[in-house]
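Overview (structure and organization)
For reference, the chains in residue letters:
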Amino acid sequence: MEAAVIDAGTKYVKAGLAVPDQDPSIVLPAAMTKVIDEDSGKENGWSMDESEWIKDTVYPIQRGVVKDWDAMEDLWRYIFYTGLGWEMGSEGQVLIADPLLTSKISKEKTVQIMFEAFNVNGFYAVEQAVLSIYAVGRISGCAIDIGHGKIDIAPVWEGAIQHNAVKKLEVGGQDLNFLLGQELEKSNPGIKLDPSVIEMLKETYGVIAEDQEEYAKKVEGCSSVEHTLPDGQTIKIGQERYTVGEALFQPSFLGIEGYSIAEQLVRSVLLCVPSESQKPLIENIVLCGGTSTMKGFDSRFQKEASLLGTPSFRPFIIKPPEYMPENTMKNSAWIGGAILAKVVFPQNQHITKAEYDESGPSIVHRKCY
Ligand SMILES: Nc1ncnc2c1ncn2[C@@H]1O[C@H](COP(=O)(O)OP(=O)(O)OP(=O)(O)O)[C@@H](O)[C@H]1O
Ligand SMILES: [Mg+2]
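In this text, all values refer to a predicted model and were calculated from it rather than measured experimentally. (Residues numbered from 1 in each chain as written. Chains lettered and ligands numbered in written order. Predicted model: local features only at pLDDT ≥ 70, side-chain atom pairs only at ≥ 80, totals over all residues.)

Let's shift gears to the overall build of the chain. Each helix and strand counted, the chain has 13 helices and 17 strands in total. For 369 residues, the compact-globule formula gives about 21 Å, and the C-alpha radius of gyration of the chain, at 22 Å, lands near that figure. Along the first, second and third principal axes, the C-alpha set of the chain runs to 65 × 65 × 35 Å. Within the chain, buried positions represent 44% of all 369 residues. (Helix = DSSP H or I, 4+ residues; strand = E, 2+ residues; numbered from the N terminus. Rg over C-alpha atoms; globule rule 2.2 N^0.38 Å. Buried ≥ 20, exposed ≤ 12 C-beta atoms within 10 Å, placed from the backbone.)

Bringing unusual backbone geometry into the picture now. For Arg 63, which is not glycine, the phi dihedral falls at a positive 50°. Considering the arrangement of structural elements, one finds Arg 63 in the loop between β7 (61-62) and β8 (65-66).

The geometry of helix α4 (residues 173-187) relative to helix α5 (residues 195-205) is characterised by a closest axis approach of 9 Å and an angle of 100° between their N-to-C directions. On the basis of their axis angle, the class for α4 and α5 is roughly perpendicular. In this structure, α4 contributes Leu 176, Asn 177, Leu 180 and Gly 181 to the contact, and α5 contributes Pro 195, Ile 198, Glu 199, Leu 201 and Lys 202. Among the residues forming the contact of α4 with α5, the class breakdown is five nonpolar, two polar and two charged. (Axes fitted to C-alpha atoms, helices over the stretch in contact; angles between N-to-C directions. Parallel < 35°, antiparallel > 145°, perpendicular 65-115°, else oblique. Contact = placed C-beta atoms within 7 Å. Nonpolar A, V, L, I, M, F, W, Y, C, P; charged D, E, K, R; others polar.)

This paragraph deals with the pairing of strand β1 (residues 4-8). Of all five residues in β1, five are buried, a share of seventy percent or more. The two faces of β1 match: Ala 4, Ile 6 and Ala 8 on one face and Val 5 and Asp 7 on the other face are all buried. Across three bridges, the pairing between β1 and strand β9 (residues 93-98) is parallel. Across the sheet, Val 5 pairs through a bridge with Leu 95, a residue of β9. Where β1 meets strand β2 (residues 12-17), five bridges bridge the pair, whose relative direction is antiparallel. The partner of Asp 7 across the bridge, within β2, is Lys 14. In textbook terms, the turn of a hairpin is the stretch between consecutive antiparallel strands, and for β1 and β2 this stretch comprises three residues. (Pairing = 2+ DSSP bridges.)

For ligand 1, the set of nearby residues contains 20 residues, the closest of which are Gly 9, Thr 10, Gly 147, Gly 173 and Gly 290. The leading source of residues in the shell around ligand 1 is α5, at three residues. Considering only residue class, the shell around ligand 1 consists of two nonpolar, 13 polar and five charged. (Near = placed C-beta within 6 Å.)

Counting 97 residues, the largest nonpolar core has Val 5, Ile 6, Leu 75, Cys 142 and Ile 144 as the members making the most contacts within it. With near-sequence residues (within four places) excluded, Cys 142 lies in contact with Ala 154, Pro 155, Leu 265, Val 269, Leu 281, Ile 282, Asn 284, Ile 285 and Val 286. (Core = buried A, V, L, I, M, F, W, Y, C linked by C-beta atoms within 7 Å.)

With that settled, consider the domain arrangement of the chain. When the domains of the chain are assigned, the result is domain 1 (4-128 + 326-367), domain 2 (138-171 + 260-307) and domain 3 (173-253). When each unit is reduced to the centre of its C-alpha atoms, the spacing between domain 1 and domain 3 is 34 Å. (Domains from an automatic or database assignment.)

Okay, the environment of Ser 224 next. Here Ser 224 is to be found in the loop between α6 (212-220) and β15 (225-228). A C-alpha to C-alpha distance of 50 Å links Ser 224 and Trp 86, two positions 138 residues apart in sequence. If we skip the residues at most four places from it in the chain, Ser 224 touches Lys 236, Ile 237 and Gly 238.

Here's what the structure looks like:
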């Protein structure tokens, strides 16, 4: 059986058996609903099944970090036994994609749950940023993963994260949702928008101007589109379409002081990476994560990054090979995980059950990452 690969994010869990060059077979909201026993009224664990008696919904991961381990364990259980069809008693191997700066304790807890709760047959874990570089057929480059809860900026040299040069920003699609909701409620007084509608509007209409001047022009006067809401009301979306995307390039829109993503990346590489490795890293930038697929993002990023370059140092975005699936950049950490699983497990680089039993959870720091 192929190994299971799981990239659980703040919003979506991507999972599937390791078949390279394909999208994950499972992409689901990483949300668990608390099930209450109707007779006793007591909590009866967590479920992903929306038809169960829903009491409460929890997203176990916030800004990339596991905050509710019970719900996380139940989410993994659902993926293994329901989603992937593992049989209890003959569990397979698993590769987990972790965000940047995952704590040592969290890494140990993950490997412990995998062996002790699920009795997996082999375990490996690696950073999402490394996997996203593999997804585009490279081993070195800079990954910029803009998800729902965080932005990971990571130079990767020959499969290894350059730890002193990484940066995690606690900004993502959820903050854009919030901003768009505020803007639309200002321009459409009296209308209350459901969070899922705001997210859909962002994904459908959000667009990024070519540069700041172009954005200023759009704010001055851009035509509005009308959208009919599920309840029949209509709202107008005008400059908000551009403002939500502009926030990715002007962090002050989200109340954040700091460099833009492109500037942050270039600074990280110039200040923290040895000079001989800087050029190959900056010339292989991988933009990934759901939020990076907003219309116009790549070209604005390329434009801003180019302005920060020099004749001998030209920031350049690389694209996945044409034969890769359409959603490669949304699912790049999972896709890279599927590629790596085909190497790690057959070559016995993973943690075996015997090794785990002998060394305990701390073995994860020696054999993974
Ligand atoms: N076309 C689009 N335009 C703008 N945002 C989009 C688009 N498509 C998806 N997104 C956003 O991408 C986000 C989900 O991306 P992703 O699956 O990479 O996040 P995640 O892995 O769950 O979170 P994280 O990596 O931050 O922990 C959501 O906020 C979603 O609204
Ligand atoms: Mg993610």
